[in-house]
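Examining the three-dimensional arrangement
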Amino acid sequence: MWAVFWCVLKRDLLLAMRRRTDALTTLFFFIIVVSLFPLGVGTERQVLQILGPGVVWVAALLASMLALERLFAADYEDGTLEQMLLTAQPLSLLVLAKVGAHWLLTGLPLVLIAPLVGMQYHLTDTQIGIMMLSLALGTPILSLIGAIGAALTLGLRGGGILLSLLILPLYIPVLVYGAGAVEVSRIALTDTEPYLMLLGAFLLAALTLAPLASAAALKISLE
């Protein structure tokens, strides 16, 4: 079973490497948004420290959404998705592999580039560390939740707009607690542990429920 998981994961990563523009678009979008924002609000150190966590998290959220519409679309168009439904392996496991590949291509680069973004917004080393940790916990949740929306809107005309309407409300708690963890580390009045623990709980819940929900949505979309 896990051999199939790794096979699907490697396959999606290999296909993404052949279409590098799709993977790089997410990263470049994130960099452009967080780089242009200071030009609009000014370069005052205190202002950037206050606004930085929220800007980074909103940019990460929007960047994650860019590639969601294509998460299952290519496999749907060439018939691979129907073959996956016919395999003896649980569809939820195959979905989890595809979501894992999506996160490695869109979420992990954002985590790794966070220190450079933090320096741009004059964040302290502690804030940068908390931001990387919150992004490492939060971006997989964005991919898992987004997979449900991508499965529900598969094959629909104008599915991108509908996808945004479906998943944006579900993204709000992740956005609030992810940016909040960095903010409370700045004011040093409260501990960041509750925020990170909530993100961890969200991640465990998403890992458990989202692949099952996505698999059910794919079966509905393919009927």
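Okay, so let's go over this structure. None of these values were measured; they are calculated from a predicted model. (Residues numbered from 1 in each chain as written. Predicted model: local features only at pLDDT ≥ 70, side-chain atom pairs only at ≥ 80, totals over all residues. Heavy atoms only, no water.)

1. Quick look at the nonpolar core
In plain terms, the rule: By nonpolar core we mean a set of buried residues, namely Ala, Val, Leu, Ile, Met, Phe, Trp, Tyr and Cys, connected to one another through side-chain atoms within 4.5 Å. Classification of residues uses two cut-offs on accessible area relative to the type maximum, computed with a 1.4 Å probe and protein chains only: under 20% is buried, over 50% is exposed, and between them is partly exposed. Where helices and strands are cited, they refer to DSSP runs of H or I of at least four residues and of E of at least two residues respectively, numbered from the N terminus. Any two residues whose heavy atoms approach within 4.5 Å at even a single point are treated as in contact.
Residues Phe30, Val34, Phe72, Leu135, Tyr171 and Leu218 are the most contacted members of the largest nonpolar core, which totals 62 residues. It is helix α8 (residues 125-152) that provides the largest number of residues to this core, a total of twelve residues. Apart from residues no more than four positions distant in its own chain, Leu218 is found in contact with Phe72, Leu81, Leu91, Val95, Ala151 and Leu154.

2. Remarks on helix α7 (residues 108-120)
Let me state the cut-off plainly: The span expected for a helix works out to 1.5 Å for each residue beyond the first. Consider a residue and the seven residues that end there alongside the seven that start there; fitting an axis to each set, the bend is the angle between those axes.
The end-to-end C-alpha separation of α7 is 19 Å, in line with the 18 Å expected for 13 residues at 1.5 Å each. At Ala114, α7 shows its maximal kink, close to 45°; a proline, Pro115, follows between one and four residues later. Among the residues of α7, those classed as buried are Leu110, Val111, Ile113, Ala114, Val117 and Gly118. The positive-phi residue at the C-terminal boundary of α7 is His122, with phi of around 60°.

3. Some details on unusual backbone geometry
A positive phi angle is found at His122, which is not glycine, with a value near 60°. Within the element layout of this structure, His122 appears in the loop between α7 and α8. The exposure class assigned to His122 is partly exposed, which follows from its relative accessible area of 28%.

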